[in-house]
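Spelled out from the first residue to the last, the chains are:
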Amino acid sequence: MLRNLLEDRVAVLCLVIIGITILAGFFAPYVAPHDPLAGNIMNKFKPLSWSYPLGTDQQGRCVFSRLIYGVQPTILLSLVTMAGTIILGAAYGILSGSAGGVTDEVLMRFCDVMLSFPSQVMILAVVGMLGVGMENVVIANILIKWAWYARMIRGSVLGYRNRNYVVFSRTTGSGPWFILSRHMLPAVLPEIVVLASLDTGWVILNISTLSFLGLGVQAPAPEWGAMLNEARQVIVAHPGQMLAPGLAVLTLVAAFNMLGDSLRDALEIKGSGR
């Protein structure tokens, strides 16, 4: 799968974009030319220059520096959200698919109840109950999204539970934990990676949306959604303020989506080659 992925130019380009973005955010203090919170009203709306590569905003802050520092909350919170969602959803799905029978039916009916609610509405409701803040945004995303992962992974487990090597392991007296950890989890792990890479773009977009609505990262902290919200206030006089954070969100989300498509294609190629 890795060889097929590296031969895909689109996948390599997406990996480069994601890698550069993460590195820039990690080394933001060394990459950003200015303090992202330091403003000077006398420097507001300065045009592009060597000192200010993307100009300044309505408070005289360096847009480029805020964009670089904005990578940290966007990527970090997205990865934390995906990790929590995958762990909860994978554990639930593997348990349900492996148990079968009445246990599987009960667990899946609860999963169906969770999936019956509109995700965006439920996220807003959870954040409204827990309060504004990125910790609550992460919790809300995990609580709403895990059921989808559970159902997808449960379907994959059902396809593997009757494979010959699993049946042989079961008949030789291997315990449930051994079968889950040595057979089921390695079998579904590539599919989990594909699902996570496809869904990371959605999480980034969702976190930025909530920050844009004022429910996530709060001003003056630099975050792409929050930057869009601040730029919205001057969109008529200075519409260019929307471009930098908007294109950053668009590029990163598109990179994760296309990387997920490439991973899925590589996984299918590997499967057909057997």
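Definitions and cut-offs
- Residues numbered from 1 in each chain as written.
- Predicted model: local features only at pLDDT ≥ 70, side-chain atom pairs only at ≥ 80, totals over all residues.
- Heavy atoms only, no water.
- Phe/Tyr/Trp six-rings, centres within 6.5 Å; stacked < 30°, edge-to-face > 60°.
- Buried < 20%, exposed > 50% of the residue type's maximum accessible area, 1.4 Å probe, protein only.
- Lys NZ or Arg CZ within 6 Å of the ring centre and 35° of its normal.
- Helix = DSSP H or I, 4+ residues; strand = E, 2+ residues; numbered from the N terminus.
- Patch = residues over 30% accessible without salt bridge, like charges linked within 9 Å, V, L, I, M, F, W, Y side chains within 5 Å.
- Areas by Shrake-Rupley, 256 points an atom, 1.4 Å probe, with all protein chains shown as cover.
- Salt bridge = Lys/Arg side-chain N within 4 Å of Asp/Glu carboxyl O.
- 1 Å grid on protein atoms, 1.4 Å probe; cavity = no way out; pocket = protein on both sides within 12 Å on 5 of 7 lines; lining within 4 Å.
- Points joined across faces, edges and corners; volume = space filled by probe spheres on them.
- Nonpolar A, V, L, I, M, F, W, Y, C, P; charged D, E, K, R; others polar.
- Core = buried A, V, L, I, M, F, W, Y, C linked by side-chain atoms within 4.5 Å.
- Expected span 1.5 Å × (residues − 1).
- Arc of directions from axis to C-beta.
- Contact = heavy atoms within 4.5 Å.

1. A look at the packing of aromatic side chains
Phase 1: Inspection of every chain in the model, using the stated rule, returns five aromatic pairs.
Phase 2: Measuring from centroid to centroid gives 4.9 Å for Phe26 and Phe27, while their planes differ by 85°, and the two rings are edge-to-face.
Phase 3: Residue class for Phe27 comes out partly exposed when judged on its relative accessible area of 36%.
Phase 4: An angle of 55° between the planes, with centres 6.5 Å apart, marks the rings of Phe27 and Tyr30 as tilted.
Phase 5: Put simply, the rings of Phe26, Phe27 and Tyr30 touch in pairs and so form one group of aromatic residues.
Phase 6: Seen from the ring of Trp202, Lys145 lies directly overhead, with NZ or CZ sitting 4.5 Å from the centre.

2. Here we look at the environment of Gly128
Phase 1: Looking at the element boundaries, Gly128 is found in helix α7 (residues 119-130).
Phase 2: Considered as a pair, Gly128 and Glu191 are 63 residues apart in the sequence and their alpha carbons are 33 Å apart.

3. Quick word on a nonpolar patch on the surface
Phase 1: There is a patch of nonpolar side chains on the surface, built from Leu23, Phe26, Phe27, Tyr30 and Val31 and spanning about 590 Å² of accessible area.
Phase 2: By the secondary structure assignment, Phe27 is in the loop between α2 (9-26) and α3 (28-31).

4. Points about empty space enclosed by the protein
Phase 1: Applying the stated rule across the entire model yields one cavity of 30 Å³ or more.
Phase 2: Every residue lining the largest cavity is listed: Asp57, Gln58, Val63, Arg66, Met227, Glu230, Ala231, Gln241 and Pro245.
Phase 3: Where the lining of the largest cavity is concerned, the elements lending two or more residues are α4 (63-69) and α11 (224-232).
Phase 4: No other element matches α11, which puts three residues into the lining of the largest cavity.
Phase 5: Residues of the lining of the largest cavity, tallied by class, amount to four nonpolar, two polar and three charged.

5. Details of the environment of Glu105
Phase 1: Along the chain, Glu105 turns up in helix α6 (residues 101-115).
Phase 2: Relative accessible area serves as the criterion here: at 43%, Glu105 is assigned to the partly exposed category.

6. A short note on the nonpolar core
Phase 1: Ranked by size, the top nonpolar core spans 30 residues in total, and within it Tyr149, Ile153, Met184 and Val188 carry the most contacts.
Phase 2: Broken down by secondary-structure element, the contributors of at least two residues to this core are α5 (71-99), α7, α8 (134-160) and α10 (176-212).
Phase 3: In terms of nonpolar packing, the next biggest core, distinct from the first, is built from 20 residues, Val71, Ile75, Met227 and Ala255 among them.

7. A word on the environment of Pro190
Phase 1: Examined against the element boundaries, Pro190 turns out to sit in helix α10.
Phase 2: Along the primary structure Pro190 and Val113 are separated by 77 residues, whereas in three dimensions their C-alpha atoms are 27 Å apart.

8. Things to note about α7
Phase 1: When the terminal C-alpha atoms of α7 are compared, their 16 Å separation across twelve residues agrees well with the 16 Å that a helix rising 1.5 Å per residue should span.
Phase 2: Turning to α7, its buried residues number three or more, namely Ile123, Val126 and Val127. One face of α7 carries all of its buried residues, which in axial projection span an arc of 95°. Among the exposed residues of α7, those pointing more than 90 degrees away from its buried face are Val121, Gly128 and Met129.
Phase 3: Tucked into the core, α7 has its buried residues touching α8 and α10.
Phase 4: Two residues or fewer past α7, Gly131 is found with a positive phi of approximately 110°.

9. Comments concerning the side chain of Asn206
Phase 1: Position of Asn206 among the secondary structure elements: in helix α10.
Phase 2: In this structure Asn206 comes out as buried when scored by relative accessible area, which is 3%.
Phase 3: In contact with Asn206, not counting residues within four places along its chain, are Gln120, Ile123 and Asn141.

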